[in-house]
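Secondary and tertiary structure notes
Single-letter residue listing:
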Amino acid sequence: MNKVSALKENRDFSRLYRKGKSEVCPVLVTYFQKNRSDTIRFGITTGKKIGNAVKRNRARRIIRAAFRELSPMIKDGYDFVFVARGKTPFVKSSDIKKAMLKQFKENNLI
């Protein structure tokens, strides 16, 4: 089973924004890059454009739920940053999961 942990340092987010690959869809932007360990690390970003605190927290919650369901299938040793978009708080976690799955398959992460 994969070990999953959170990205918390600003330098980790910045590194992924600069050097990582990105995939875009209407509800989610995903940045990813190989790391030097056998763990999967992820972070979630929600800007103020998303809405008030309630909407930003909902966006983070549904992204986290979708990633939790897909994490056992993901290859070890990757860092991810998920960026919520304007539509994110208004969709269900199953829609986010479909978008993530499509992005992961296109990049051979599963």
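For the structure, check the block above.
What counts as what
- Residues numbered from 1 in each chain as written.
- Predicted model: local features only at pLDDT ≥ 70, side-chain atom pairs only at ≥ 80, totals over all residues.
- Heavy atoms only, no water.
- Helix = DSSP H or I, 4+ residues; strand = E, 2+ residues; numbered from the N terminus.
- Buried < 20%, exposed > 50% of the residue type's maximum accessible area, 1.4 Å probe, protein only.
- Contact = heavy atoms within 4.5 Å.
- Pairing = 2+ DSSP bridges.
- Axes fitted to C-alpha atoms, helices over the stretch in contact; angles between N-to-C directions.
- Core = buried A, V, L, I, M, F, W, Y, C linked by side-chain atoms within 4.5 Å.

A word on the environment of Q103
Topologically, Q103 is positioned in helix α3 (residues 93–106). Taking relative accessible area as the criterion, Q103 reaches 4% and is therefore assigned buried. Spatially, the C-alpha atoms of Q103 and V24 are 8.2 Å apart, while their sequence positions differ by 79 residues. Excluding anything up to four places from it in sequence, Q103 contacts E23, V24, C25, L28 and T30.

What to know about the sheet that holds strand β3 (residues 28–34)
Ordered in space as β1-β4-β5-β3-β2, the five strands form an open sheet in which the pairing is mixed. With one partner strand each, in any of the chains shown, β1 (3–6) and β2 (21–25) form the two edges of the open sheet. Going across the sheet, the axis of each strand differs from the next one's by a mean of 20°, ignoring polarity. When β3 meets strand β5 (residues 78–84), the two strands line up antiparallel, connected through seven bridges. Paired with Y31 across the two strands is V81, which belongs to β5. Strand contacts of helix α1 (residues 10–19): β2, β3, β4 (39–45) and β5, with the helix running at about 85° to β5, the strand carrying the most contacts. Of the strands in this sheet, β1, β3, β4 and β5 touch helix α2 (residues 53–70), which is tilted by about 160° from β4.

Things to note about the nonpolar core
Counting residues in each nonpolar core, the largest one holds 25 residues, and the members touching the most others are F67, F80, F82, I96, M100 and F104. Counting residues per element, the ones that place at least two in this core are β3, β4, α2, β5 and α3. For this core, the element with the most residues is α2, which contributes six residues. Beyond its immediate stretch of four places on either side in the chain, F82 contacts L28, V29, T30, F42, G43, I44, T45, I63, F67, M100 and F104. Formed by seven residues, the second largest nonpolar core is a distinct cluster that contains L16, V29, Y31 and V83.

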